[in-house]
2 protein chains.
Amino acid sequence: MISRSNEQYHAAMRVLAAYIEQQLPAINDFLARETDKLDPLVRPAAAHVLAAGGKRLRPVLAILCARALGHKGEAIYPLACSLEFLHSATLLHDDILDGAVLRRGKAAAHIVFSRTEAVLAGDVLLALANQLVASYGDPRLTTCLSEAIMRTVAGEVAEIVNTREMDSSLETYLHIITGKTAYLLEASCVVGALLAGVSDELIKAASVFGLNMGIAFQIVDDAMDYTSASSVSGKPAGGDLREGKLTLPLIYHLESLSPARREALLSDIRSKALSEEALAQLLADIQSSSCTERARALAGEYAAKAARALEAFPESEERKVLDCALEFVLQREK
Amino acid sequence: MISRSNEQYHAAMRVLAAYIEQQLPAINDFLARETDKLDPLVRPAAAHVLAAGGKRLRPVLAILCARALGHKGEAIYPLACSLEFLHSATLLHDDILDGAVLRRGKAAAHIVFSRTEAVLAGDVLLALANQLVASYGDPRLTTCLSEAIMRTVAGEVAEIVNTREMDSSLETYLHIITGKTAYLLEASCVVGALLAGVSDELIKAASVFGLNMGIAFQIVDDAMDYTSASSVSGKPAGGDLREGKLTLPLIYHLESLSPARREALLSDIRSKALSEEALAQLLADIQSSSCTERARALAGEYAAKAARALEAFPESEERKVLDCALEFVLQREK
């Protein structure tokens, strides 16, 4: 799966970009049509958060998996878009959680709109996602979605709890990112497979692919938070560090310290006691170490698991695009 | 349905109370078991809001309809309790909406807990409700619940919009209360009927019963807001008036005014320009008028529709209890 050359990587990105470009009009049309039906009170907040996400990774994954496994026709779009609505709902509610620690760095809905709009728009999008999936009348789809919602919320809860408990184990980190990110990417792939009506074995392959891709995705996201002032997320480099989030580069850095220094640093991060200078120094230390490369290497292991699962899919154009998507997740720099 | 004497009313209340008392242990056990499984971050907020609701009207209605239509056994409890979780989720999120106008008067979760807890506990309870219903594997149940969620949230949105738009028409009022309250009571009755596996005709009867009972319930609730400092809701009399909510007693009062005075009063209520004295006087005016009695009379019309729908149910002990529940909804004084 991992391209050997820069040229191969760019070729893969062109394949992926072409597919996304081809699918975006139908996805964005559906999202816009449903958003237009919302009450004017919540529509701007919903439109705001939906406008922020460009790649539509979750709908695209659902469409790719459905198509790769033989599903034809337009029936995939409401299902695929329900995942984007669900994702947007969690972003809206994230924006309302209190304290700088708990906010995402992006142009925040709680500033552009009021809390009322953000709470209710999130609830409406959650309800809409449920309704869209229920309209298929397939209990496996509704079960898949309802479990993904529960696990995603539980992952967000676990992340917040850990900004208080500061458990810097790899196990806790993987538990958090699996919850808050990977389950929804898994569900995106599984609902596509379910709609295609394939064997349990292929559904399992879609599940393993999506889950491991999701873990890799979040690890790379967290590594990039240390290396790039992202134009995508709107965060300056080191945003997670400022918010007291224990992500993988910081966890690797903590492992390199003596127990005493580790405890002292954890305590300072937790209580936000680090000066601007100390934060900048810590960020520079992590950037100049191998911590982010090690994080990307671990992401590579999960991506490799995802790639192996994908081999169970029959050969198709879409399977190739899924492979390219995996590569994008792993190699992206912003 | 409407008792002719005080004695008959009290006899009906004893029948209802006995049934609720008999069902509460199983309901509360299930609610507590599921709440105990929640993450410690969100558990206290969830437990707080669940502890506040004593009668468990929604689960009891689901159980009564299921039993009245022939369903036996324990399978009803997760379904019945999903409605209480859903109701609790909306209460938690209501507490976060900004400004005094938009809050309920009760001991507020946003004071006892932080916004973070209230947002996430609400999301978790919504997810839990979905998961419980999905576990039945019946698309009609998931469709019913997902529509009820969407309509309930839309009703809350409509109520908030109207504290800005101040449309004092009866039509808008009925639209709002049907959304925020009646659809969930309707869903409570319908899921019970669906689980009992009865004819479409009986499902429709359960729907008409629940919807009209729900409208009557909210009208009486709104009338009581003017007449009693409720120990149940924790609100002083006139809380809705202070919050700028256009409920039925106020709507009837506005109808009695000249157009000019009506517009002036609406404008003052909207902008919260009324002094404490003016508010107290307005409250006294409405209390001494026939506005609350007229509201209760309209509730009686909806209750009568509900009672007629109930006649389609086969005769049973539970049908009698449903009739008593209807009477309770209509006649309660606090």
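Computed from a predicted structure; not experimentally measured. (Residues numbered from 1 in each chain as written. Chains lettered and ligands numbered in written order. Predicted model: local features only at pLDDT ≥ 70, side-chain atom pairs only at ≥ 80, totals over all residues. Heavy atoms only, no water.)

A. Looking closely at the overall build of chain A. Scanning chain A from N- to C-terminus turns up 15 helices and zero strands. Computed over C-alpha atoms, the radius of gyration of chain A comes to 20 Å, within 12% of the 20 Å expected from 2.2 N^0.38 for 334 residues, which places it in the range of a compact globule. Seen along its three principal axes, the alpha-carbon backbone of chain A occupies a region of about 60 × 50 × 30 Å. In chain A, buried positions account for 60% of the 334 residues. Considering only intrachain contacts with a sequence separation of at least 6, the fraction spanning at least 24 residues in chain A is 78%. Counting every atom, chain A has about 13100 Å² of accessible surface; 52% of that belongs to carbon and sulfur. The averaged location of the 43 negative side-chain charges in chain A is 1 Å from the averaged location of its 34 positive side-chain charges. (Helix = DSSP H or I, 4+ residues; strand = E, 2+ residues; numbered from the N terminus. Rg over C-alpha atoms; globule rule 2.2 N^0.38 Å. Buried < 20%, exposed > 50% of the residue type's maximum accessible area, 1.4 Å probe, protein only. Contact = heavy atoms within 4.5 Å. Areas by Shrake-Rupley, 256 points an atom, 1.4 Å probe, with all protein chains shown as cover. Lys, Arg positive; Asp, Glu negative; His and termini not counted. Charge placed at Lys NZ, Arg CZ, Asp CG, Glu CD.)

B. How the structure looks around the pattern of salt bridges. Counted by the stated rule, this structure contains 24 salt bridges over all chains. In this structure, B:Glu34 and B:Lys37 form a salt bridge, with 2.9 Å as the shortest nitrogen-oxygen distance. B:Arg294 serves as the salt-bridge partner of B:Glu255, at 3.7 Å between the closest nitrogen and oxygen. Note that B:Glu255 is positioned in helix α11 (residues 248-255) and B:Arg294 in helix α14 (residues 291-310), a separation of 39 residues in sequence. Taking relative accessible area as the criterion, B:Glu255 reaches 45% and is therefore assigned partly exposed. Connected via shared salt-bridge partners are A:Glu159, A:Lys180, A:Glu243 and A:Lys245. (Salt bridge = Lys/Arg side-chain N within 4 Å of Asp/Glu carboxyl O.)

C. Quick peek at the interface of chain B and chain A. The interface of chain B with chain A comprises 37 residues on the first partner and 37 residues on the second. Between chain B and chain A lies a buried interface of about 3300 Å² when both sides are counted; carbon and sulfur atoms form 67% of it. At the boundary of chain B and chain A, one finds two salt bridges. Residue A:Arg164 is joined to B:Glu117 by a salt bridge in which the shortest nitrogen-to-oxygen separation is 3.7 Å. Elements with a contribution of two residues or more to the side of chain B that touches chain A: α6 (115-134) and α7 (139-165) of chain B. (Buried area = accessible area lost by both parts, 1.4 Å probe.)

D. Up close: the nonpolar core. Of all hydrophobic cores here, the largest spans 254 residues; its most connected members are A:Ile219 and B:Ile219. For A:Ile219, the contacting residues outside a window of four places in its chain are A:Tyr173, A:Leu174, A:Ile177, A:Leu248, A:Ala295, A:Leu298, A:Ala299 and A:Tyr302. (Core = buried A, V, L, I, M, F, W, Y, C linked by side-chain atoms within 4.5 Å.)

E. Just the relation of the copies chain B and chain A, in detail. When chain B is fitted to chain A, the best match, at an RMSD of 0.0 Å, comes from turning it 180° and sliding it 0.0 Å along the axis. When the rotation and shift are considered jointly, the pair of chain copies conforms to a two-fold rotation axis. Across chain B, the rotation axis passes nearest the C-alpha of B:Pro139, at a separation of 3.0 Å. The overlap is high: 100% of the interface residues of chain B also sit at the interface in chain A, so the same surface is used on both sides. (Least-squares fit on C-alpha atoms with pLDDT ≥ 70 in both.)

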